[in-house]
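Reading the structure
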Amino acid sequence: AGESATEPAPDPSGGVVPFRGPHQAGIVTPAQDRLHFVALDLTTTDRRAVISLLQRWTTAAERMTAGAEAAPGGAVNRNPEAPPSDTGEALGLPAAALTITFGIGGSLLDKLGIPRPPELADLPPFQQDQLDPAFSGGDLCLQACANDPQVAVHAVRNLVRTGFGTTSVRWSQLGFGRTSSTSTTQQTHRNLFGFKDGTNNLKAEETDLLDQHVWVPPEQGPPWMAGGTYLVARRIRMHVETWDRTSLAEQESLTGRTKGVGAPIGQAQEFDLPNLGPGSPIGVDAHIRLASAENNGGAKILRRGYNFVDGSDGLGHLNAGLFFVAFMRDPHRQFVPMQSALARRDKMMEYIEHTGSAVFAVPPGLGDGAYWGRTVLEG
Ligand SMILES: C=CC1=C(C)c2cc3[nH]c(cc4nc(cc5[nH]c(cc1n2)c(C)c5CCC(=O)O)C(CCC(=O)O)=C4C)c(C)c3C=C
Ligand SMILES: [Fe+2]
């Protein structure tokens, strides 16, 4: 009985996700368990230096997503008198479904004299924003997701290291538990309020809806964004201690869903459709009503966020929350109305605080031989 010794054991870490394709990986890829997100600023405006970095980043990222070291020679097989070309902490670890998604901030385009697409205009301020510049903006971003935190951190660390002299880290965020499902094959995980999060998300299998809400069509422009998407990141602190003193009934009514099953209030099962029409048992200020497509002119987004706990705040509270990441065709027609409605009316706002914000253009996926940003920088 049992498995034969010669049978390869299934790779529980998720294997290798293809790096090249029509869209970048890490968007509709089934959400991995861990995140390391970094925003960087250019330290030069020399376009050739930026192109050279993006070429080296692409090569290193493609290697690492395949489970290889960042550069040939790696951690131990090169000149012992020189620093190793890979930092080494992922030696012997599988690829763990690592994806690295690359994004460009409006500020990078300004610095290099490239016109910003209107979708990349700065977000307006929202009521109750408590944004910290130390957690906002950035010329470039790299989103590394994997099923092993060491693999995600290794990827970001080696890319940051490669960028030395051309970029510097502006801010970074670790996430430890996905709060979104991006495929119907995945179970819904829970956020730090204890609720299933990601139930009514766009899913990889809904290709028509992705074309409608996520992927930039060629006619939208600019040409270098066709097949790409825009990423909105919000670092949202959650006051979990206050939430934990709130009754279950109040928690469910604020959310608009039950805590156990995750069903819309008034329904029995998680994936039952919410009744938002006349006589609805879901409150007028419930989170899922305010964020729904019905309340936002039909707008939907692909959420791909992560829980975080960044230690404590020195005042006896966890510095915990949701690192909200979402992909969409146009932040101003999708995220902005949603967040405006939530900031104005969502009673959940009493328990949360938006402390960081950034928007990035995520160009389409790469064909053979192409490097990140080529079509933007070479015209
Ligand atoms: C502007 C967009 C959104 C922000 C910011 C946001 C923050 C946020 N959300 C939760 C918890 C839940 N959100 C849920 C659903 C949901 N949230 C958004 C958008 C934002 N959330 C949307 C579009 C939806 C789907 C609405 C619908 O049509 O049903 C849910 C319910 C489960 C689910 O469908 O995912 C929970 C729970 C927190 C805690 C939070 C900030 C910290
Ligand atoms: Fe939400």
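Reading the values: the criteria
- Residues numbered from 1 in each chain as written.
- Chains lettered and ligands numbered in written order.
- Predicted model: local features only at pLDDT ≥ 70, side-chain atom pairs only at ≥ 80, totals over all residues.
- UniProt positions renumbered as here; feature names shortened; annotations may be inferred.
- Helix = DSSP H or I, 4+ residues; strand = E, 2+ residues; numbered from the N terminus.
- Buried ≥ 20, exposed ≤ 12 C-beta atoms within 10 Å, placed from the backbone.
- Contact = placed C-beta atoms within 7 Å.
- Near = placed C-beta within 6 Å.
- Nonpolar A, V, L, I, M, F, W, Y, C, P; charged D, E, K, R; others polar.
- Arc of directions from axis to C-beta.
- Core = buried A, V, L, I, M, F, W, Y, C linked by C-beta atoms within 7 Å.
- Pairing = 2+ DSSP bridges.
- Expected span 1.5 Å × (residues − 1).
- pLDDT = per-residue confidence, 0-100.

- By the naming in an unreviewed UniProt entry, the protein is Deferrochelatase, taken from Actinomycetospora aeridis.
- Annotation of the protein in UniProt includes, under Sequence similarities (unreviewed entry), the sentence "Belongs to the DyP-type peroxidase family."

Section: the overall build of the protein
- Assigned secondary structure in the protein consists of nine helices and ten strands.
- Its C-alpha atoms give the protein principal-axis dimensions of about 70 × 65 × 45 Å.
- Considering the protein as a whole, with its 379 residues, one finds that 43% of them fall into the buried category.
- Considering only contacts within the protein whose residues lie at least 6 apart along the sequence, 74% involve residues at least 24 apart.

A few points about the UniProt feature "domain: Dyp-type peroxidase C-terminal" (unreviewed entry) in the protein
- When the UniProt feature table is mapped onto this chain numbering, "domain: Dyp-type peroxidase C-terminal" (unreviewed entry) sits at residues 188–365.
- As annotated, residues 188–365 comprises 19% helix and 23% strand, and the C-alpha atoms at either end are separated by 27 Å.

Looking at the site of ligand 1
- Neighbouring ligand 1 are 27 residues, the closest being Phe-195, Thr-199, Asn-200, Ala-291 and Ser-292.
- Of all the secondary-structure elements, those providing two or more residues to the shell around ligand 1 are strand 6 (229–238), helix 7 (287–290), strand 9 (318–328) and helix 8 (335–345).
- Split by residue class, the shell around ligand 1 holds 14 nonpolar, nine polar and four charged.

Examining helix 8
- Listed in full, the buried residues belonging to helix 8 are Phe-335, Met-338, Gln-339 and Leu-342. Along the long axis of helix 8, the arc covered by the buried residues comes to 90°, so they all point the same way.

Digging into the nonpolar core
- Counting 87 residues, the largest nonpolar core has Leu-98, Ala-144, Ala-152, Ala-155, Leu-231, Ala-326 and Phe-327 as the members making the most contacts within it.
- Residues contacting Phe-327, with those up to four places away along its chain left out, are Ile-27, Val-214, Thr-229, Tyr-230, Leu-231, Ile-301, Leu-302, Arg-304 and Val-362.

A word on the UniProt feature "domain: Dyp-type peroxidase N-terminal" (unreviewed entry) in the protein
- Cross-referencing UniProt, the feature "domain: Dyp-type peroxidase N-terminal" (unreviewed entry) maps to residues 24–176 in the present numbering.
- Taken end to end, residues 24–176 comprises 26% helix and 20% strand; its first and last C-alpha atoms sit 22 Å apart.

Here's the deal with the pairing of strand 9
- In terms of burial, strand 9 is largely enclosed, as eight of its eleven residues are buried.
- The sheet contact formed by strand 7 (residues 302–303) and strand 9 spans two bridges and is antiparallel. What sits directly across from Arg-303, in strand 9, is Ala-326.
- Turn length for the strand 8 (residues 306–312)-strand 9 hairpin, with the two strands adjacent in sequence and antiparallel, is five residues, and the turn residue Gly-314 shows positive phi of about 80°.

Some details on helix 1 (residues 47–65)
- Taking 1.5 Å per residue, 19 residues should reach 27 Å; helix 1 reaches 27 Å between its end C-alpha atoms and fits that length.
- Close packing links the buried residues of helix 1 with strand 1 (34–42), strand 2 (99–104), helix 3 (149–162), strand 4 (167–175) and helix 9 (374–377).
- Looking one or two places after helix 1, you find Gly-67, whose phi comes out positive at around 90°.

Some points on the confidence of the model for the protein
- Chain-level pLDDT for the protein is 95 on average; 97% of the residues reach the 70-or-more range.
- Confidence over residues 1–5 falls short of pLDDT 50; this stretch has zero contacts with residues more than four positions distant or in other chains.
- The complex prediction reports pTM at 0.96, with the ipTM value standing at 0.99.

Considering unusual backbone geometry
- Here the amide bond leading from Gly-221 into Pro-222 is cis, since omega sits at -10°, within 30 degrees of zero.
- Relative to the elements of secondary structure, Pro-222 occurs in the loop between helix 4 (207–213) and strand 6.
- Within the chain, Ala-96 stands out as a residue other than glycine whose phi angle is a positive 55°.
- Mapped onto the fold, Ala-96 is located in the loop between helix 1 and strand 2.
- One non-glycine residue, Ala-97, adopts positive backbone phi at about 60°.
- Looking at where Ala-97 falls in the secondary structure, it is placed in the loop between helix 1 and strand 2.

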